[in-house]
Amino acid sequence: MKVIIIAAGNATRLGKLTEKKPKALLEINGKSIIQRQIELFKKYNINDIIIITGPHKEFGIPDVTYVEDTNYQNHDVLGSLMTASDFLNGEVLTCYSDILFNEEILKQILNFNGEIGIPIDLDWEKNYINRIQHPRSEADNVILSGTSIIEIKKNISICNSNEIIGEFLGPVIFSENGSRIFVDKYNKLKKTHHGNFHNSISLSKAYLTDMIQELINDNIKIEPILIKGKWIEIDTTEDLTKAQKLFF
């Protein structure tokens, strides 16, 4: 198992805190976000770690592989991930650099034995109580019908009583075959796709959630991993304050 951490964003919503360093190096009670991630991965013997960098190239973290996304200004998360496509093979866990989750959640993700799985929080709405800077409408929501994922996008609504809404945490876990399916599909799209791509204006500006929806629409099974545990996306100063209370 290897981990690819996507850390190529500008993090403009954090203002001066991220003018001269990447969001991943912001400290939560004395340890940076990415240091906390890596320590947790290594606790579970995941030592093959790839970090995708953008405007900030120096992370000062030893024993990892760096992949520089030199085109970060012209694409979004999906494009950044695919700059490391040479490493997207075998068993892989991808992760955003601004997500913290506890050991309980990582164990649930690693216990997945399908092709492509995404962790989903069904008790997600509590995370948006008094969250002003990053409102509920910005959550990456997922519609579930039984054990099937029907749709993934922001500000979602359900049509049928047998459907429920959860929130996608950000990580994706791939089996060897799942990695191959993902990369092959993306490479075909690069050659053939034009115009809007799901909820983005183009494939080059697409989010990871757009690619997940493309796979779902192509009848490729993306399985939900229903998680319980502590987690947070650190997108604003408000989130940073909350993270200090959650992770010691």
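The structure we're discussing is the one just above.
Thresholds applied
- Residues numbered from 1 in each chain as written.
- Predicted model: local features only at pLDDT ≥ 70, side-chain atom pairs only at ≥ 80, totals over all residues.
- Heavy atoms only, no water.
- Helix = DSSP H or I, 4+ residues; strand = E, 2+ residues; numbered from the N terminus.
- Buried < 20%, exposed > 50% of the residue type's maximum accessible area, 1.4 Å probe, protein only.
- Contact = heavy atoms within 4.5 Å.
- Polar contact = N/O pair within 3.5 Å; in protein donor to acceptor, adjacent residues only side chain to side chain.
- Salt bridge = Lys/Arg side-chain N within 4 Å of Asp/Glu carboxyl O.

Draft legend 1. A look at unusual backbone geometry. Even without glycine at this site, Asn 45 takes up a positive phi of about 60°. Unlike most non-glycine residues, Asn 219 shows phi in positive territory, near 60°. With respect to the secondary-structure elements, Asn 219 resides in the loop between helix H5 (208-217) and strand E13 (223-226). A residue is classified by how much of its surface remains accessible, and Asn 219, at 74% relative accessible area, is exposed.

Draft legend 2. Local environment of the environment of Ser 200. Assignment of secondary structure puts Ser 200 in the loop between helix H4 (176-192) and H5. With relative accessibility at 6%, the residue Ser 200 sits in the buried group. Sequence separation between Ser 200 and Ile 165 is 35 residues, and the spatial gap between their C-alpha atoms is 21 Å. With residues near it in sequence (within four places) discarded, Ser 200 still touches Lys 205, Ala 206, Tyr 207 and Asp 210. At a separation of 3.4 Å, a polar atom in the side chain of Ser 200 contacts the main-chain carbonyl oxygen of Lys 205. Within polar-contact distance, the side chain of Ser 200 engages the side chain of Asp 210 at 2.5 Å.

Draft legend 3. Representation of the pattern of salt bridges in the model. A full pass over the atoms with the stated rule returns 15 salt bridges. One salt bridge in this structure joins Lys 57 and Glu 68, with 3.3 Å as the shortest N-O distance. Residue Lys 57 is located in the loop between strand E4 (48-53) and strand E5 (65-68), and its partner Glu 68 is located in strand E5; the two are separated by 11 residues in the primary sequence. Overall, the relative accessible area of 48% leaves Lys 57 in the partly exposed class. With its nearest N and O atoms 2.8 Å apart, the salt bridge here joins Arg 136 to Glu 125. Placement of Arg 136 in the loop between strand E8 (116-121) and strand E9 (140-145) and of Glu 125 in the loop between E8 and E9 is noted, with a sequence separation of 11 residues between them. Overall, Arg 136 belongs to the partly exposed group, its relative accessible area being 39%.

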